[in-house]
Amino acid sequence: MSSKETCRTELRAAVRHLSDRGLYSASKWAAEQLMGIEQDPSKHTPSHTRFQRGSSSIRRRFRTAAAAESSATPSGGVSYVSTPSMVGPEEYDYDPIDSDFYLLAKSYFDCREYRRAAHVLRDQTGKKAVFLRCYALYLAGEKRKEEEMIELEGPLGKSDAVNRELVSLERELSTLRKNGTIDPFGLYIYGLVLKEKGNENLARSVLVESVNIYPWNWSAWSELQTLCTTIEALNSLNINNHWMKDFFLAIAYQELRMHNESLAKYEYLLGTFTFSNYIQAQIAKAQYNLREFEQVEVIFEELLRNDPYRIEDMDMYSNVLYAKECFSALSYLAHRVFLTDKYRPESCCIVGNYYSLKGQHEKSVMYFRRALKLNKNYLSAWTLMGHEYVEMKNTSAAVDAYRRAVDINPCDYRAWYGLGQAYEMMGMPFYALHYFKKSVFLQPNDSRLWIAMAQCFETEQLHMLEEAIKCYKRAVNCNDREAIALHQLAKLHCELGQTEEAAFYYKKDLERMEAEEREGPNMVEALMFLAQHCKTQKRFDEAEVYCTRLLDYTGPEKETAKSLLRGIRYARDVVEHFPP
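If you're wondering where the values come from, they're calculated on a predicted model, not measured in any experiment.

Peer 1: How should the confidence of the model for the protein be read in this particular structure?
Peer 2: Interpretation of this model should avoid reading the predicted coordinates in detail wherever pLDDT is low. When pLDDT is averaged along the protein, the result is 86; 87% of the residues meet or exceed 70. Low pLDDT, under 50, characterises residues 53–57; the stretch is placed with eight contacts to residues that sit more than four places away or in other chains. This model gives residues 59–86 a pLDDT under 50, and the stretch forms 44 contacts once residues within four places in sequence are excluded.

Peer 1: I'm lost on the packing of helix α7 (residues 166–179) against helix α8 (residues 184–196) in this one. Help?
Peer 2: A pair of packed helices can be characterised by two numbers: the angle between their axes and the separation between those axes. Closest axis-to-axis distance for the α7/α8 pair is 10 Å, and the angle between their directions is 135°. Regarding the angle of α7 to α8, the classification is oblique. The two elements α7 and α8 meet at a crossing, and its hand is left-handed. Contacts between α7 and α8 involve Leu166, Leu169, Glu170, Leu173, Ser174 and Arg177 on the former and, on the latter, Gly186, Leu187, Ile189, Tyr190, Val193, Leu194 and Glu196. Grouping the amino acids of the contact of α7 with α8 by side-chain chemistry returns eight nonpolar, two polar and three charged.

Peer 1: Whenever I open this one, the UniProt feature "repeat: TPR" (unreviewed entry) in the protein confuses me. Can you help?
Peer 2: According to UniProt, the feature "repeat: TPR" (unreviewed entry) maps to residues 345–378, 379–412 and 413–446 in the numbering used here. End-to-end, the C-alpha atoms of residues 345–378 are 7 Å apart, and along that stretch the chain is 79% helix and 0% strand. Taken end to end, residues 379–412 has its terminal C-alpha atoms 8 Å apart, with 79% of it in helix and 0% in strand.

Peer 1: Explanation requested: the side chain of Ser364 in the structure shown.
Peer 2: Mapped onto the fold, Ser364 is located in helix α19 (residues 361–374). Sequence-distant contacts of Ser364, defined by excluding residues within four places in its chain, comprise Gly352, Tyr355, Ser356 and Glu388.

Peer 1: So what exactly am I meant to see when it comes to the side chain of Ser262 here?
Peer 2: Note on placement: Ser262 falls in helix α13 (residues 259–269). Within polar-contact distance, the side chain of Ser262 engages the backbone oxygen of Ala250 at 2.9 Å. Beyond its immediate sequence surroundings of up to four residues, Ser262 is in contact with Ala250, Tyr253 and Gln254.

Peer 1: In this structure, what is going on with the packing of aromatic side chains? I would like to understand it.
Peer 2: To describe a pair of aromatic rings, one takes the distance between the centres and the angle between the planes. Per the stated rule, a full pass over the model turns up 27 aromatic pairs. Residues Tyr214 and Trp216 carry aromatic rings whose centres are separated by 4.9 Å and whose planes lie at 75° to one another, so their mutual orientation is edge-to-face. With respect to burial, Tyr214 and Trp216 carry one shared label: buried. Here Phe247 and Phe273 contribute two aromatic rings whose centre-to-centre distance is 5.1 Å and whose plane-to-plane angle is 70°, an arrangement assigned as edge-to-face. Separated by 26 residues along the polypeptide, Phe247 in helix α12 (residues 243–255) and Phe273 in the loop between α13 and α14 (277–289) bring together distant segments of the chain. Take Phe273: its relative accessible area is 0%, and that puts it in the buried class. Counting every residue linked through ring pairs, the aromatic cluster contains Trp29, Trp218, Trp243, Phe247, Tyr266, Phe273 and Tyr278. Note that Lys128 overlies the ring of Tyr102, its terminal NZ or CZ placed 4.9 Å from the centroid. Positioned above the aromatic ring of Trp416, the side-chain terminus of Lys438 is 4.8 Å from the ring centre.

So, how was this worked out
- In every chain, residue numbers begin from 1 and rise along the written sequence.
- Owing to the predicted nature of the model, reporting of local features is limited to residues with pLDDT of at least 70; listing and counting of side-chain atom pairs is limited to 80 or more, with chain, interface and lining totals taken over all residues.
- Hydrogens and water are ignored here; the side-chain numbers use all heavy atoms of the structure.
- Confidence of the prediction at every residue is given by pLDDT, a number between 0 and 100.
- Contacts are residue-level and defined by heavy atoms, with any inter-residue pair within 4.5 Å sufficient.
- In this description, a line fitted to the C-alpha atoms serves as the axis of each element, helices being fitted only across the stretch in contact, and the angle between N-to-C directions of two axes falls anywhere from 0 to 180 degrees.
- Elements are defined by DSSP. Helices are runs of H or I of four residues or more, strands are runs of E of two residues or more, and each kind is numbered from the N terminus.
- With respect to orientation, any angle under 35 degrees is reported as roughly parallel, any angle over 145 as roughly antiparallel, any angle of 65 to 115 as roughly perpendicular, and every other angle as oblique.
- In this scheme the crossing of two helices becomes right-handed for a clockwise turn of the near helix relative to the far one and left-handed for an anticlockwise turn of less than a right angle.
- When residues are sorted by character, Ala, Val, Leu, Ile, Met, Phe, Trp, Tyr, Cys and Pro go into the nonpolar class, Asp, Glu, Lys and Arg into the charged class, and all the rest, Gly among them, into the polar class.
- UniProt positions are given in the numbering used here, feature names are shortened, and annotations may be inferred rather than shown by experiment.
- Any N or O atom pair separated by 3.5 Å or less is treated as a polar contact, with the protein-specific requirement of one donor-capable and one acceptor-capable atom, and with residues adjacent in sequence counted only for side-chain atom pairs.
- Two aromatic rings, drawn from Phe, Tyr or Trp (for Trp, its six-membered ring), form a pair once their centres lie within 6.5 Å of each other, and the interplanar angle then sorts them: stacked below 30 degrees, edge-to-face above 60, tilted otherwise.
- For every residue, the accessible area obtained with a 1.4 Å probe (protein chains only) is divided by the maximum for its type, and the residue is called buried under 20%, exposed over 50%, and partly exposed between those limits.
- Each ring is checked for a lysine NZ or an arginine CZ that lies within 6 Å of its centre and within 35 degrees of its normal; such an atom marks a charge sitting over the ring.

Here's what the structure looks like:
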């Protein structure tokens, strides 16, 4: 990893370059990482460091490991040195001759008048001007495509509308690349165009060229990550060694569901970017996917203390609060983001989650639809809206919502799981099983998915109990928090006449219920079976213990226990007086 001062210098220059070219998301990302680098107290007054103050319990948790790694060579023996093909950020501080034209075009661009901006630069040949003209044309085409989609199909409809500028842009940028007169920003636009046209292999190569020459453009890295849908595709990339590569690998690992590898990268990056809210949010995302909700909640609470008007990633925080049924906390979060910016897709999703938790599913759907009107490719909203339709028993609408989600991201296991649920509700277990298998392939460590698939195998149409048992065993190994799998394993083994296996799982389930201090019908069932099983096995003392515990309950089980206890004592007397 480069020194903190080197990273700081490079990011300062990058913020200027990216902002000057209208790459505002990348510029914002670079500025946030710049503020994430710990300031040297000897060089800065306290007022310069107040952005970095606040609770740092999470940061302290990772700093020991990060500090140990920061002085070591990264994994694989890679050392972080600039390569000859990589230029410093200062190379892009040139002052082009066509600056007056550029300033006018940039003003139009900032006002979202993209075609006017492109027209002003039509005769300019400087690399910076060519980039802005091509970028403006690309965005003008995207804007028109969105308008056509709304005109033809409505804000949430499907459409065959395309960006009509792609063909001419591909032709021009391809020529510039062949002539060697294209800069890394132009390569980024060329990569975008190729990706939109479905030429993914060439798009990957072009984006790798872009980040190798100018590694500080996070937008280029993000587009490259979306093209790495397998670990083989990721490993095939020939990327120069630079500290930005660690950020890329961390998010690529996360999207490939390699969450522990992703966490290790982020912990390493914390050694330099100690106060990066982006890294904290990504750590929370990885832990969310690992279902470590307590830690996720702590991280988001700190993020909101340090950045109270933050909306990015807060929809994930609302999912955690929803899962934990924290009504007051979710209500407060929804109110907070609504006051900050109510027309952000994330804000609408958070409010939708709030109404869903209250059981107001129609109102929840209304807010998810609003989120999709703001961004029709907003994956979470499609998936969550599908869940609401399932709750409302509107299976056809649920299936449509889930299908739209998997069209956007075929690796979204929640949408595949939702499709399985919907088809199960429609009494089509073979279809449901197909979708459950897809979901567990994508998320093999989630016990809920294995349980859903097991229940599908148990249905009357399939009745594949041995397969159901395999699924429940996988759920137990995946830390079944709902405590469903052990009980079901015991019942299935009992149904198959495998009494020893049934007793084993009833006993394990009983131990778990005792550890969690839970009571209920499952405990009664386990005690009853174990009492009868121990009696059959002539383990009378053990059987008597289980029966005695059943006497503490009221209802028919108490009378059954009394009768069983009399039978146990009689059987014991018979064995003692008439040994075999």
